[in-house]
Amino acid sequence: MEAHPDAEAAGRLTALLHGAAERAEAVRQPDHELSEDLAYAVQRGLLDSSLAAGDTQAGVKLGFTSRAKMEQMGIDSVIAGFLLASSRVPDGGELDRGRLIHPRVEPEIAFRIGRDIGRDESPDAVVAAVDAVAPALEVIDSRYRDFRFRLGDVIADNTSAARWVVGPWQEVPPELDARAVSLSFDDDEVAAGSTAAILGDPWEALRQLRGLTADHLALRAGYVVLAGAATEAVALPASGRVRVRVAGLGEASLVVG
Ligand code: OOG
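Residues numbered from 1 in each chain as written. Predicted model: local features only at pLDDT ≥ 70, side-chain atom pairs only at ≥ 80, totals over all residues.

An unreviewed UniProt entry annotates the protein chain as 2-oxo-3-hexenedioate decarboxylase originating from Nocardioides soli.

The following block contains the structure:
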């Protein structure tokens, strides 16, 4: 039987994006806009190639949960991608910038999921399953030239996910919706905002994940969920320490090597 033309197109784009990330070389956007279903199928293909190479999925990340990001990139729907164990940088650890194309960094909030969550469970059940929260950094790196993409392109490219850092886990606080967030390079603040920038409240980002149905976005015990940026993304510096501070939650950092 011949492969469905969509499946063939998805396979080609998966291979193209996988190669771009491996070689740290940007590629052109696809000529035609992809449907969301096809885009999540391409993303799933990328995950499957990493799993086949021995990696493991460590969680899920959200994108475009903040107005600053929506405006920066001209997209206004919430999207999600997967986090790989191999792309985690330990808190305070070194990130090899040479393996990335045009990286940017975002200050975020991370949730830790305490149990497997079934597809039919409510957004409230997901919120109740969180057993810890932490400040986090996400380094994004579009595999497309000039960081330019449409909605389907960026979903296919695993929502530009590249590296991530989680600070010390904290007990779940009674509220998370109005905490000051600061991003600094060495000792200079380069972006400042509030957790309110994440859909009004980072818990809302977790709730909206229920609306995304790709199988690999289902939550499992121990998964980390990154709620999305609290500010615009800032180009990663050539060297030095990058730090996020979230009021009352502490900090997380990485060193660009
Ligand atoms: C897509 C990733 C967006 C966020 O937090 O909004 C994202 C991009 O801007 O390249 O992770």
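Following the structure, the description resumes.
Caption draft 1: Main features of the environment of Val 242. Tracing the chain through its elements places Val 242 in strand β11 (residues 240-246). You can call Val 242 buried: it has 23 C-beta atoms within 10 Å. C-alpha of Val 242 to C-alpha of Leu 254: the two residues are 12 residues apart in sequence and 5.4 Å apart in space. (Helix = DSSP H or I, 4+ residues; strand = E, 2+ residues; numbered from the N terminus. Buried ≥ 20, exposed ≤ 12 C-beta atoms within 10 Å, placed from the backbone.)

Caption draft 2: Focus on the UniProt feature "domain: Fumarylacetoacetase-like C-terminal" (unreviewed entry) in the protein chain. Feature annotation in UniProt assigns "domain: Fumarylacetoacetase-like C-terminal" (unreviewed entry) to the following positions: residues 95-252. For residues 95-252, the end-to-end C-alpha separation is 13 Å, with 12% helix and 35% strand making up the annotated structure. (UniProt positions renumbered as here; feature names shortened; annotations may be inferred.)

Caption draft 3: Structural detail: the sheet that holds β11. One open sheet holds the 5 strands; their spatial order is β3-β12-β11-β7-β8, and the pairing between them is mixed. Lying at the two open borders of the sheet, with one neighbouring strand each, are β3 (94-95) and β8 (188-194). As defined by bridge partners, strand β7 (residues 180-185) adjoins β11 across 5 bridges and the pair is classed as antiparallel. Note on β11: the bridge partner recorded for Ser 184 is Arg 243. (Pairing = 2+ DSSP bridges.)

Caption draft 4: Up close: helix α2 (residues 36-52). Here α2 is 17 residues long and its end C-alpha atoms lie 24 Å apart, about the 24 Å a rise of 1.5 Å per residue gives. The complete set of buried residues in α2 reads Ala 39, Tyr 40, Ala 41, Val 42, Gln 43, Gly 45, Leu 46 and Ser 50. Where α2 ends, the next residue or the one after it, Gly 54, has phi of about 100 degrees, a positive value. (Expected span 1.5 Å × (residues − 1).)

Caption draft 5: Structural context of the site of the ligand. Near the ligand, the surroundings consist of 14 residues, among which Gly 63, Lys 69, Ser 160, Gly 228 and Ala 229 are the closest. Those elements giving two or more residues to the shell around the ligand turn out to be α3 (67-73) and β5 (130-140). For the shell around the ligand, the per-class residue count stands at 6 nonpolar, 5 polar and 3 charged. (Near = placed C-beta within 6 Å. Nonpolar A, V, L, I, M, F, W, Y, C, P; charged D, E, K, R; others polar.)

Caption draft 6: View of unusual backbone geometry. With a phi angle near 60 degrees, Phe 147 is a residue other than glycine that sits in the positive phi range. Turning to its location among the elements, Phe 147 is positioned in the loop between β5 and α5 (151-156). A count of 19 C-beta atoms within 10 Å places Phe 147 in the partly exposed class. Although it is not a glycine, Leu 199 sits at a positive phi angle of roughly 50 degrees. Summarising the element assignment, Leu 199 is placed in the loop between β8 and α6 (202-208). Using a count of 22 C-beta atoms within 10 Å as the deciding quantity, one classes Leu 199 as buried.

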